[in-house]
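Commentary on secondary and tertiary structure
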Amino acid sequence: MSIHTPRKKARIRLDDDVSSVKTRPANTLQKQREQLPIARGREALIREIQENDTTILLGETGSGKTTQVPQYILESGIAGKGMIAVTQPRRVAATSLAARVAEEKNVSVGGLVGYSVRFDEASSSDTRIKYVSDGMLVRELLSDQLLSKYSVIVVDEAHERTLRTDFLIANLKTIQAARNSAGDVSRKGKGPASALNPLKLIIMSATLDAEKFSKFYNNARILYVKGRQHPVQIFHTSVSQTDYVDAALRTFFQIHTDRPPGDVLIFLPGQEDIESLDKSIKMYARRLPEERMTVLTCPMYAALPPAQQARIFSSAPTNVRKCILATNIAETSITIPGIKYVIDTGKCKEKRYLSKDTGGGFDTLLTRDITKSSAMQRAGRAGREGPGFCFRLYTEDAFNSMALSAEPEIRRCSLTQSVLQLKCLGQDFEAVDFMDPPEIGSVISALKTLWLLGALDNSKTLTTLGRQMASFPVEPYFARIILASKTHGCTSEVIDIVSLLSSSSALFLDISDQRDTISEVRVKFRHASGDHMTMLNALRSYQEVAASDSKGARKEWCRQHFVNERTFVEATKIRDQLRQTCQRVGIDWHASTADNEEPVLRCFVTGLVQQSAFLQPDGTYKQTMGHSVIKIHPGSTLCDKKVPAIIYDELVYTSQIYARGVSSVPKSFFSNVTPVAREA
DNA sequence: GAGCACTGC
């Protein structure tokens, strides 16, 4: 069985079968461009885009759609004098695509071809093609409601259905209607209607769900372009497996003993399974006969320190078979070269907000079955460089009963920030025409949070505070904490902590077999009040080292203290951004209360008023707003401590409901925060 | 007694 693609849904095919494309060593970039599957459909594609406002383009991996379509649009003059934006869900994709296309055009990045992502931008007045992260385009939308400098917007990877992509897809439909009907109706308050330039949209997606995008955009045309992918032979198990880690172990050694050389990629749901399988493989590999190929295992997940992540890219010596144990990170975010065999457990972890009316009020992070599109994507990872094999640890029936694709984020994430952003655009979330509407309970809970934070008044109208909150590139509750620091005179400390908390990776590394050493060395940062001030202490120590020592010494200090330097680096960039935003909204970010934690914690209570719990007589903690009994996460400095009241950064249900990022605060801090908090 | 993956002027 080979990977199948739902070809029948496509109305127009843009190329011939990939097998007729000869792969020969290309001596120029132009040759390579011409050999891409999409190149054969260039003229048809240009014609379709010219004739239609919106085009849906289905392109498989390797079709070249993301690099070529923007160039075709530019070369054919479709964009007129305007710019072409291409959105990406990931920052690295945006920057590396811009580099690739600039190279093809023989220009330097930031000229004709540029990019714009958070912390990093390369564009100029010459820029015509701009690769942007989807979050960045959402930010641009907040300051230019018609996105008028773009005449073509390409939404790439639309099938991933990130919250920001869905947000854009909904808004772009309205923007397009407004701009493209400009000749007929004059729009109030926006100047002469004829001044609006029309907007063309291209929605690009992998091969599933195209019909849905088409329906949303008034039955827009669907074009299809085949990918360039080597065949992957897929095997299913004959019976379902109860222990997928054990099944993966046995499958790996079957491959290792029976099949020719080639690296193996195993998809597992999380760090815990990866560590356990890593141990087992190493143990059994030692028992192999001497003359066999040896095994090199490489764990791969986002929380792994960068140095260990880098190991997956170095090629193994001959007679060594590399085995990569990865989470979903290897499904979309990184491409690992040299993979010939994929073992797919069929499992992943998914974060999902469990609303109050279903007994929740917190996030869950649980292992679940993957979707069909995920399974196909995983299998495809074996066919990047040559024919490959995919061993699915589930039956064909199980595959057939999988959901087609993941539920969009809008249906399972907190909507607080998006609701606030839409309020800033003068729109109500419940009134927006989304491709998949959110659950009403989720919208109500976001509105309630915004009201508690003071961003909305009793009539759900945006307040001045709310508008200020939206200007900070952090979660609304963090923004509220920063704004509270103006009153308490500790903006400097608060911004430092919030920067660390909003970094993408955790500051304190957790290496399970070194936990004793780690807690010993970490004692020196420990602050009695809990995790927030402890992080600040660690930051202060790092800053001392960074100020006086070399880069090497800094790295060594981080290694010795088991802290993630990448987090400090990212936090510093976020801090600078937050300082700039403070300046704009009239807050002096220099304000400091030195070592006094009381004002700092008061600010945190203001923003984390919903994220608090009181100690019960039986020694457990119970939410102040909500009815769940929660536990302090074992990684917290306050674990096993009994204090009257705590605030926490997040609540996640895994094996239990754990509060992470916890500080102890006096109960008295909760009075005067909000009317609701007083009741609690 | 222990965290899937992303993003933000």
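Scroll up for the structure.
What counts, and at which threshold
Residues numbered from 1 in each chain as written. Chains lettered and ligands numbered in written order. Predicted model: local features only at pLDDT ≥ 70, side-chain atom pairs only at ≥ 80, totals over all residues. Heavy atoms only, no water. Core = buried A, V, L, I, M, F, W, Y, C linked by side-chain atoms within 4.5 Å. Buried < 20%, exposed > 50% of the residue type's maximum accessible area, 1.4 Å probe, protein only. Contact = heavy atoms within 4.5 Å. Pairing = 2+ DSSP bridges. Helix = DSSP H or I, 4+ residues; strand = E, 2+ residues; numbered from the N terminus. Axes fitted to C-alpha atoms, helices over the stretch in contact; angles between N-to-C directions. Near = heavy atom within 4 Å. Polar contact = N/O pair within 3.5 Å; in protein donor to acceptor, adjacent residues only side chain to side chain.

**With respect to the nonpolar core**
Counting residues in each nonpolar core, the largest one holds 101 residues, and the members touching the most others are Ile153, Leu172 and Phe604. Dropping the residues within four chain positions of it, Phe604 is found in contact with Ile481, Val494, Ile497, Val498, Leu501, His532 and Ile647. Grouped together as the second largest cluster of nonpolar side chains are 32 residues, Ala98, Val101, Ala102 and Ile129 included.

**Notes on the sheet that holds strand β17 (residues 388–392)**
Taken together, the six strands give an open sheet; going across it, the order is β10-β17-β14-β11-β13-β12, and neighbouring strands pair in parallel fashion. If you trace the sheet from one side to the other, it starts and ends with β10 (232–235) and β12 (294–300), each paired once. Neighbour-to-neighbour, the strand axes of this sheet turn through a mean angle of 20°, independent of strand direction. Relative to β17, strand β14 (residues 339–344) runs parallel, the two sharing four bridges. Looking at the pairing, Asp344 lines up with Arg392 of β17. Along the sheet, helix α8 (residues 244–258) makes contact with β11 (263–267), β12, β13 (320–326), β14 and β17, crossing β14 at roughly 155°. Sitting on the sheet, helix α12 (residues 372–380) is in contact with β10, β11, β14 and β17, with an inclination near 140° to β17.

**Observations regarding the protein's contact with DNA strand B**
Surveying the vicinity of DNA strand B reveals 38 residues, the closest of which are Ser133, Arg139, Lys349, Gln417 and Arg660. When atoms of DNA strand B within 4 Å of the protein are split into backbone and base, the sugar-phosphate part holds 54%. Take Gln271: an N or O atom from its main chain is 2.9 Å from a phosphate oxygen of DNA strand B. A distance of 2.7 Å separates a phosphate oxygen of DNA strand B from a polar side-chain atom of Thr654.

**With respect to the side chain of Thr87**
Mapped onto the elements, Thr87 comes out in strand β3 (residues 83–88). Once residues lying within four places of it in the same chain are set aside, the contact partners of Thr87 are Val132, Asp134, Leu137, Val154, Val155, Asp156 and Leu168.

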